[in-house]
Structures are given as C-alpha cells and as structure tokens.
Amino acid sequence: MPRLTSPAGGGAAGAASPSSAAASSSSAPSAKLASGSSPAGAAASDGQPPKVNGPVRITLPEGSEWTLSPEQVENAALIIGVARELNISDKGIQVALMTGLQETMLQNMESMNFPHQKTGTNKDSVNVFQQRTVAGWGSVPELMNPEYAARAFFGGPTGPNKGMPPGLLDIPGWEGMAPGSAAQAVQNSRHPDEYNKWENAANQILGQVTGTTPMMCQGAGGAAAAASATSSTAPEGNHALDED
C-alpha cells in the first residue's frame, strides 16, 4: 500500500492551500462548518464564495496535519447530512467518514465518464466509498451521485438497495462493533484493518463540519459531484489502489 504523504502543493499544515478545483454545481447544497460558516472555497447556495472562519484540518495516521479541500469537506458534509436525516448516531457517521477517508480520502472517484474528483484505479469501484456496480450497489450514474452513495452505504429500510448488498444499518449489531470492524462489515475489504487508523481523523471532521440538507435523491441526478479536482489535492486513500 502506498504510504500517505503530502504531495507537492497539497494541504499539509503550514503549506500553501491546494488550488481549488472547478466549482460545484450551484444546485448542490453547501457544506457548513460546525460554527455555521461554509468551508473555504465551497460554493454557497447562491453560487457565491461563502465567508469562512477557517479551514478544516485533520491529523493523518502518520501524524502530520492535513487541510481538507472544499470538495472533501462538501462530501463529508453530505455524508453527515444524510446520516442526520436518517437519525443515525455519531458512531455511524464516524464509520462512514472512516470508510471514505480510507477508500478515497473523501473524493468522488470515477474514470472519466462522469464529473469526478479522483480517477479510479480499482476495477469498477467508484465514488467516495468505492462502491461497485457488479456488487449490486447501483448503476454508475447512481453511484456517482454523492447523496445516493451515502444512502447506499447507510442502507436500512429506506436505503436504495433494500439490504442487498447490506449497508451499515443492515449489519446486525453494528453499534456494538469497533468502528473499523463496522466499516469492514459493509465494505468486505481485503485489507480489513486499514479503517481503524482513521478513527481520530473522522472524529475531527465530525467536530468541525455540520451536514448539508440532502436533496432526497433516490437515483441518478440530484447533487452532482464537483468536477475534475486532481488527486494532487489530497493524499491517497490507502485502499484506493487495492483490488477487493
């Protein structure tokens, strides 16, 4: 697995902030900091740059500090927003954020056919969670919708997949599991222990970012991914190069 490093021009603490990618669609809800401000560089609902109080920073497993890009914050906020709507506990949100960090560093991943933030390298895996069409998670257009992906990850009675494959809420006893074990129960990764190292970073995000208001998508369309951010804006999620 590749070691997490801060690429040139990345967001390590004290370094210059990564250059912003193309702005998100104005139809997408804007992420907010826990203080109520929108994240740096994220598009507000009126398409204007929001006022911010500060960046969102996490500590990487190797110990260095990393500043999340606006796209990463937006994806985290959407995951949190969907979870809040579904009355999922903070532990469930933590599990989802840990999964997104490990799989793609919270970037919406695909090849080149849909708006995306990271180029995929793991078979047909797409989106923040590296969900696969052949595994039954949904079609590629559906999975590239970040809100659909979050709803599929959480699953449950209102989930788009009706428990096949099972999302977090479909896993018996998940709330009694360690967060990394709960993530593995959903993902079935060949590297089951890799989620554990993101527990602290997920808690840091949860303490700084509030959720967006979901758009109630249950298929393709809805809140589209931000277009064409390069992978140099974030360290690699270690699982991104693995074959499940």
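Rules used in this analysis
Residues numbered from 1 in each chain as written. Predicted model: local features only at pLDDT ≥ 70, side-chain atom pairs only at ≥ 80, totals over all residues. Heavy atoms only, no water. Helix = DSSP H or I, 4+ residues; strand = E, 2+ residues; numbered from the N terminus. Buried < 20%, exposed > 50% of the residue type's maximum accessible area, 1.4 Å probe, protein only. pLDDT = per-residue confidence, 0-100. Contact = heavy atoms within 4.5 Å. Core = buried A, V, L, I, M, F, W, Y, C linked by side-chain atoms within 4.5 Å. Phe/Tyr/Trp six-rings, centres within 6.5 Å; stacked < 30°, edge-to-face > 60°.

A. Quick look at unusual backbone geometry. With an omega of 0°, the peptide bond between M164 and P165 qualifies as cis. Turning to its location among the elements, P165 is positioned in the loop between α4 (146-154) and α5 (179-187). Positive phi, normally seen in glycine, also occurs at N127, with a value near 70°. With respect to the helices and strands, N127 occurs in the loop between β6 (125-126) and β7 (131-132). When its relative accessible area of 0% is taken as the criterion, N127 is described as buried. Residue Q130 is not a glycine yet carries a positive backbone phi of 55°.

B. Spotlight on the confidence of the model for the protein chain. For the protein chain, per-residue confidence averages 73 on the pLDDT scale, and residues scoring 70 or more make up 60% of the total. Taken element by element, the predicted model of the protein chain shows its lowest mean pLDDT in strand β1 (residues 32-33) (50) and its highest in α5 (98). Low pLDDT, under 50, characterises residues 35-53; the stretch is placed with 33 contacts to residues that sit more than four places away or in other chains. A low-confidence stretch, residues 218-233 stays under pLDDT 50, and its non-local contacts, those more than four residues away or across chains, total 54 contacts.

C. Seen up close, the nonpolar core. In this structure, I58, I79, L97, F154 and I205 are the most contacted members of the largest nonpolar core, which totals 47 residues. Considering every element that reaches this core, the biggest residue donor is helix α1 (residues 70-85), with eight residues. Leaving out residues up to four positions away in the same chain, F154 has contacts with I79, V82, A83, L86, I88, G92, A96, G167, L168, L169 and D170.

D. Spotlight on the packing of aromatic side chains. Inspection of the entire model under this criterion finds two aromatic pairs. Between F129 and F153 the ring centres are 4.6 Å apart and the planes differ by 15°, which places this aromatic pair in the stacked class. Highlighted residues: F129 in the loop between β6 and β7 and F153 in helix α4, separated in sequence by 24 residues. For the pair formed by F129 and F153, the shared burial category is buried. Arranged with centres 5.7 Å apart and planes meeting at 80°, the rings of F153 and F154 form a pair that is edge-to-face. For the pair F153 and F154, one class covers both residues: buried. These aromatic residues form a ring-pair network of at least three members: F129, F153 and F154.

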